[in-house]
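# Topology and contacts: notes
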Amino acid sequence: MDTVNLALATAENDKSLGKVSKVNNFLAVLLIVLLSLIVFFALLIYAIPPLTELAMKANGFAPSGSEVIIPTPKDYTKIKLANGKMQQKYVALTPQKSYIVVNTTYNRFKLYKNRKLTREGFCSTGSYTLLKSHFDKEWIFQTPKGLYRIQGKITDPVWRRPDWSFVEEGLPIPPQNDPSRWEAGVLGDYAMSIGDGYLIHGTIYKRFLGMPVTHGCIRMNDEDLEAVYKTLELGSKVYIY
Amino acid sequence: MQKKYLRILLLVCLPIFVLALAYFILKLIAVNGAVDRFQKFYSQLDGEEKDKFVFQLTNDSAYNAEQNRYAYYHAQLEAANSDSVVLCVDILDSTATLLIKGVTVHTAKIDRFRVSSFFTKIDQRILYKALSYPFRVERQTSSIPKVPLMIKIAPKDTSEYTPDIVPDTTDVNPVNYVLEAKPGLLIYVYETPNNQSSVSFNGVITDIKDRTTILLDDLQRIAHFRKLVYRPSITLRLNRKDAKIIFRAIPHDALIILKLS
């Protein structure tokens, strides 16, 4: 009886062992397939591109045949002359007069005179705020990028508040020539217009200099503004990036 | 290892290596396609060329240097006709500059770069011609928004009005982007990790993502029995500040000037 029981137990044991080994086999095959796929993927994205590069290098373009020329002194003179002319044209693109460069990402400015940097400092530019009103009108407060020119210069400027300035504070928009639109002393001692309503002016919020907080104008502290005002003339270039 | 596993391993690996080899061969064919594409694209410009200078095929390195200079100035002057901000990548000086109407407004040092060997494979005359015109960007993908727009709803009346808080100017987002220019040139710009020796985790992830995008595009083409497209690439590593300045300054259809050697 005991022998029969032992035989049955061994058979059951063998059966379960067989199941375990089947699962193990399946897992091992799965692991091999998975690892191979990872290796395949890595091979495609990391090994093939450099191999392609190597193949290109090995099989690079080498000038040969009847089209190859040996440059004569005349050829050299011609190309050097052409390069000289183009270099002159290129150098002439940088203004000899004073100009200012404004960096709107980090809110810095650089002032140049006779192609030399004379002053640099902090400024404030557009905040990239999109103001949505309750009457389907929107404004984006950003400083435009590109080349602009000083179109007007004024001392003791008075700010004429545009519509957005009232909307922003939840105030009703007054008529165009309403006295409530005029505000003195907030733009500093000087202002320079660069067109499209954008100004370079002073500020009463000096702690925000170096930050993007304006409605599109370029704000500076009093000393920098004075230097910029005295250096730039009407028509001077303003490079904004 | 059991013999059975070895057999399975061989059965799985063999097709994988065959497929990888096939992909490699298709990639090489694609390189030739790209050479033809460049050749065709720039030979079309022949009719439009205003000046009479013709690039020559020569082994004279001094003359080639002059031809390279010519191409560079020509591209600068062409780009100066544009009103927008232009990116100029000078591999020779390891600098990336921003230009407006030919005036340098910002210069950044390139920490590291990698230029595709493709440029050694094309006819010198075509290469100089390509470099003598700015490349126009067609597509940009990036880890940071181009315009960091914040939406503000106007208050209904003064009781709802709250003065603006100081904007958050902390630089936490990594700056990595890809500029895809015509005719199929990729410029990858990755930020350099603050610690030069450390590897930027985000940089690695972005790199894997970019490589996977190319691979998936290739696989899709293979599945549709179409030719693979090879795009020569230039990878630049700049510090975060400069990378961000450049990305925010250039427009969506920016012009890029290249000086390779």
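### Remarks on the overall build of chain B
- Tallying secondary structure elements over chain B gives 6 helices and 10 strands in all.
- In terms of C-alpha radius of gyration, chain B reaches 23 Å, well past the compact-globule figure of 18 Å for 261 residues.
- Across the 261 residues that make up chain B, the buried fraction comes to 31%.
- Long-range contacts, defined here as pairs at least 24 residues apart, represent 78% of the contacts in chain B between residues at least 6 apart.

### Describing the domain arrangement of chain A
- Segmenting chain A into domains produces domain 1 (1-63) and domain 2 (99-240).
- When each unit is reduced to the centre of its C-alpha atoms, the spacing between domain 1 of chain A and domain 2 of chain A is 66 Å.

### Observations regarding helix H4 (residues 124-131) of chain B
Residue and element names in this part refer to chain B.
- The buried fraction of H4 is high, at 6 of 8 residues.
- Among all positions in H4, only Gln 124, Leu 127, Tyr 128, Lys 129, Ala 130 and Leu 131 are buried.
- Lining the buried residues of H4 we find helix H1 (3-43), helix H2 (61-79), helix H3 (118-121) and strand S10 (255-259).

### Considerations on the interface of chain B and chain A
- Every contact between the two is made by 71 residues of chain B and, on the other side, 63 residues of chain A.
- Of all elements in the fold, only H1, H2, strand S2 (95-100), strand S3 (103-109), H3, strand S6 (150-153), helix H5 (201-223) and helix H6 (240-249) of chain B reach the threshold of two or more residues within the side of chain B that touches chain A.
- The element best represented in the side of chain B that touches chain A is H1(B), accounting for 12 residues.
- Residues that form the side of chain B that touches chain A fall into these classes: 39 nonpolar, 16 polar and 16 charged.
- Pairing geometry for strand S5 (residues 129-132) of chain A and S6(B), over 4 bridges, is parallel. Opposite Leu131(A), over in S6(B), you have Lys152(B) as the bridge partner.

### Quick notes on the sheet that holds strand S1 (residues 99-103) of chain A
All names here are of chain A.
- With mixed pairing, 5 strands are arranged side by side in an open sheet as S3-S2-S1-S15-S7. Each end of this open sheet is capped by a strand with a single partner; those strands are strand S3 (116-122) and strand S7 (146-149). When the angles between neighbouring strand axes are averaged without regard to direction, this sheet yields 20 degrees.
- In this sheet, strand S15 (residues 237-240) lies alongside S7 in antiparallel orientation, the contact comprising 4 bridges. The partner of Gly 146 across the bridge, within S15, is Ile 240.

### Let's talk about the confidence of the model for chain B
All names here are of chain B.
- Put simply, chain B has an average pLDDT of 88, and 90% of its residues get 70 or more.
- Across chain B, S2 holds the top mean pLDDT of 98, while H1 sits lowest at 87.
- The ipTM, which scores confidence in the relative placement of chains, is 0.86 for this predicted complex, and the corresponding pTM is 0.86.

### A look at the nonpolar core
- Ile100(A), Met192(A), Val86(B), Leu87(B), Ile246(B) and Ile256(B) are the most contacted members of the largest nonpolar core, which has 86 residues in total.
- The dominant element in this core, judged by the number of residues it contributes, is H2(B), at 6 residues.
- Ignoring sequence-local partners within four residues, the contact set of Met192(A) consists of Ile150(A), Gly152(A), Lys153(A), Leu199(A), Ile200(A), Tyr229(A) and Leu232(A).

The rules behind each value
Residues numbered from 1 in each chain as written. Chains lettered and ligands numbered in written order. Predicted model: local features only at pLDDT ≥ 70, side-chain atom pairs only at ≥ 80, totals over all residues. Helix = DSSP H or I, 4+ residues; strand = E, 2+ residues; numbered from the N terminus. Rg over C-alpha atoms; globule rule 2.2 N^0.38 Å. Buried ≥ 20, exposed ≤ 12 C-beta atoms within 10 Å, placed from the backbone. Contact = placed C-beta atoms within 7 Å. Domains from an automatic or database assignment. Nonpolar A, V, L, I, M, F, W, Y, C, P; charged D, E, K, R; others polar. Pairing = 2+ DSSP bridges. Axes fitted to C-alpha atoms, helices over the stretch in contact; angles between N-to-C directions. pLDDT = per-residue confidence, 0-100. Core = buried A, V, L, I, M, F, W, Y, C linked by C-beta atoms within 7 Å.

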